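Topology and contacts: notes
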Amino acid sequence: MGSFLASRLMTDIFGGLATGTVIALIALSLVIIWQSTHVLNFAQGAMGMFATFVGMNLVFHGLNYWWCLALSVVTGMALGALTERVLIRPLYGKPEINPIVVMIGFLGVLEAIIASIWTTNISMLPSPFSEIYYEAGRRTILVSPFVIYEVIVVALVLSGIALLFRRTNLGLQMRAAALSPEVSRLLGVRVGRLLTFGWALSTGVGTLAAVIVSTGQVLAPTNMDGIFVSAFIAAAVGGLESPTGAIIAGVSIGLVEQFILDFWSTSVAPLSGVIVLVIGLAIRPQGLFTRQVSRRV
Amino acid sequence: MATDRALSLSVEDVSVHFGGLYALTNVSFDVAVNEIVGLIGPNGAGKTTAFNVICGFLRPQTGVVRFPVLGRENLRPHQLARAGVARTLQGVGLFDRLSVLENVMAGAQSRSGGGLGVGLFGLPASARGERELRQEAAAMLERVGARQYAGALPGAIPYGIAKKVAVARALMARPALLLLDEPASGLDERELGEFADLISTLGESMSVLLVEHNMDFVMPLVHRVVVLDFGEVIAAGTPHDVSHNETVLAAYLGVGE
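So, here is what we can say about the structure in this document. Nothing here was measured: the structure is a model prediction, and the numbers come from that model. (Residues numbered from 1 in each chain as written. Chains lettered and ligands numbered in written order. Predicted model: local features only at pLDDT ≥ 70, side-chain atom pairs only at ≥ 80, totals over all residues. Heavy atoms only, no water.)

**Here's the deal with unusual backbone geometry**
All names here are of chain B. Of note in this structure, Asn 26 is not a glycine but carries a positive phi near 45 degrees. Along the chain, Asn 26 turns up in strand β2 (residues 21-32). According to the relative accessible area criterion, Asn 26 is partly exposed, its value standing at 48%. Positive phi outside glycine occurs at Phe 230, with the angle close to 50 degrees. (Helix = DSSP H or I, 4+ residues; strand = E, 2+ residues; numbered from the N terminus. Buried < 20%, exposed > 50% of the residue type's maximum accessible area, 1.4 Å probe, protein only.)

Structure representation (structure tokens):
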């Protein structure tokens, strides 16, 4: 058993899952925003990092990791809500390129603000769980307590969000508002509030991902840049509309990256997202998991 | 008009013109509590304009639309549902990727008072409320005779059923006044009969205004008829009186041309 878990195949699978689940989480946060407001949020990574700095920086001042995590997520949600109200709301009904340009600008602004406030920070954010891999005999299994924690948290958040959308009245309103804001308004749904909540939820999820990515690393404004590209591709390959698609594509990219890293070359690994993108879009240009909308004539 | 009746809707001296074209001229009529009223007229008579004024999509240049029992007037479209006025959309307007049952559940959203705060901080309560809503929506589908389509997507059900589902969705708001826009359009004979039966039962618990050009459908169904022609009310009264009114026959049926 131990040698099987430590085999090359399982090592790659564990490593791929550890990255892939976080990619899936960020991809899901992008899908939530796209579904509700049709905005491609290029600043998602930076927004999560900003909130992470606000909360996790207090670890260095002696505050407990978990309080800092909670503070980060709450900050992220507030930042998301504020962004929707201030930056995005004036752009509804305008060409779809407008919010993209605004969010790319916001990305630059946020990274500059982070760099100017927390300039001197070069400390590593300590992990609440050991990041040392388990061993079987003298062979390493690519699983640490932190990886287990991370996969469990991501699974809980993903199922929580699925329950929210499928099994609560709030989720029903969000889905209705995303499908047809006009009809929803006529039914008395307060669409504006739901859009704000969608951004808050999404940025909260994105912040959780940013904290996971930054744990065990030096806290830097650019921590999310690499994984964000993979997540963006995952969301696109999944079809942007589909939470399930984003999650499956996200985990797949993590696995593909790990196998390329192991069997091919470390220099090719960062391109794995692009490889999944090309293959995925070649098979189904509209995205792997978008349902065909049939129209009655 | 009698003033001792409690009114759900009172359209008073409404005029609408687009540039020099008068779409409605001094139009007045009302709908009493638990009364079913048909607003009819030939194509181009101003029915849709009148409906849009009542729903708040159009502001009349003169006149006012009151909802006396609700204590409101000149409501905007998004205010209707919360004020107690439900409407169906011309065509169907169902959410294409929500199930039939979820579509009906969505009709109850104007009732949920707490909204986001309750939904967010009381998620367990929200889930419990969702189960109750699910049962209520299923009962409503039973009432309109579409229970067996609960799990289907709107694109996969017959048009006649979809129109019933749209009414079920509107009824979930528990409205005091229901506005039906062209409910008979696109229905076959059998569906028309079923639909008429359904609307007849609604008068027990709410007022209904239906805008419709199919006279055969409207006449047996309503308590009163208001007839529009060239943007003016040319007759109002019981279906029997109106169908024997010379002016109406001339205008609507083309008799005497």
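**What to know about the pattern of salt bridges**
Using the criterion set out here, one finds 13 salt bridges over all chains in the structure. In the salt-bridge network here, residues are joined through shared partners; they are Glu 84, Arg 85 and Arg 89 of chain A. (Salt bridge = Lys/Arg side-chain N within 4 Å of Asp/Glu carboxyl O.)

**Things to note about the pairing of β2 of chain B**
Residues and elements named next belong to chain B. Judged from the eight bridges that link them, strand β1 (residues 7-18) and β2 form a sheet pairing that is antiparallel. Among the inter-strand pairings, His 17 is bridged to a residue of β2, identified as Tyr 22. Between β1 and the antiparallel strand that follows it, β2, lie two residues; Gly 19 among them carries a positive phi value of about 60 degrees. (Pairing = 2+ DSSP bridges.)

**Some words on the interface of chain A and chain B**
Taken together, the contact pairs 26 residues of chain A with 33 residues of chain B. Summed over both partners, the interface of chain A with chain B buries about 2800 Å², with 63% contributed by carbon and sulfur atoms. Across the contact surface, chain A and chain B share one salt bridge. A salt bridge links Arg 175 of chain A to Glu 102 of chain B, with the nearest nitrogen and oxygen atoms 3.0 Å apart. Applying the counting criterion to the chain A and chain B interface returns four residue pairs in polar contact (both at pLDDT 80 or more). Here the side of chain A that touches chain B gets seven residues from one element, more than from any other, and that element is helix α7 (residues 169-179) of chain A. Residues of the side of chain A that touches chain B, tallied by class, amount to twelve nonpolar, six polar and eight charged. (Contact = heavy atoms within 4.5 Å. Buried area = accessible area lost by both parts, 1.4 Å probe. Polar contact = N/O pair within 3.5 Å; in protein donor to acceptor, adjacent residues only side chain to side chain. Nonpolar A, V, L, I, M, F, W, Y, C, P; charged D, E, K, R; others polar.)

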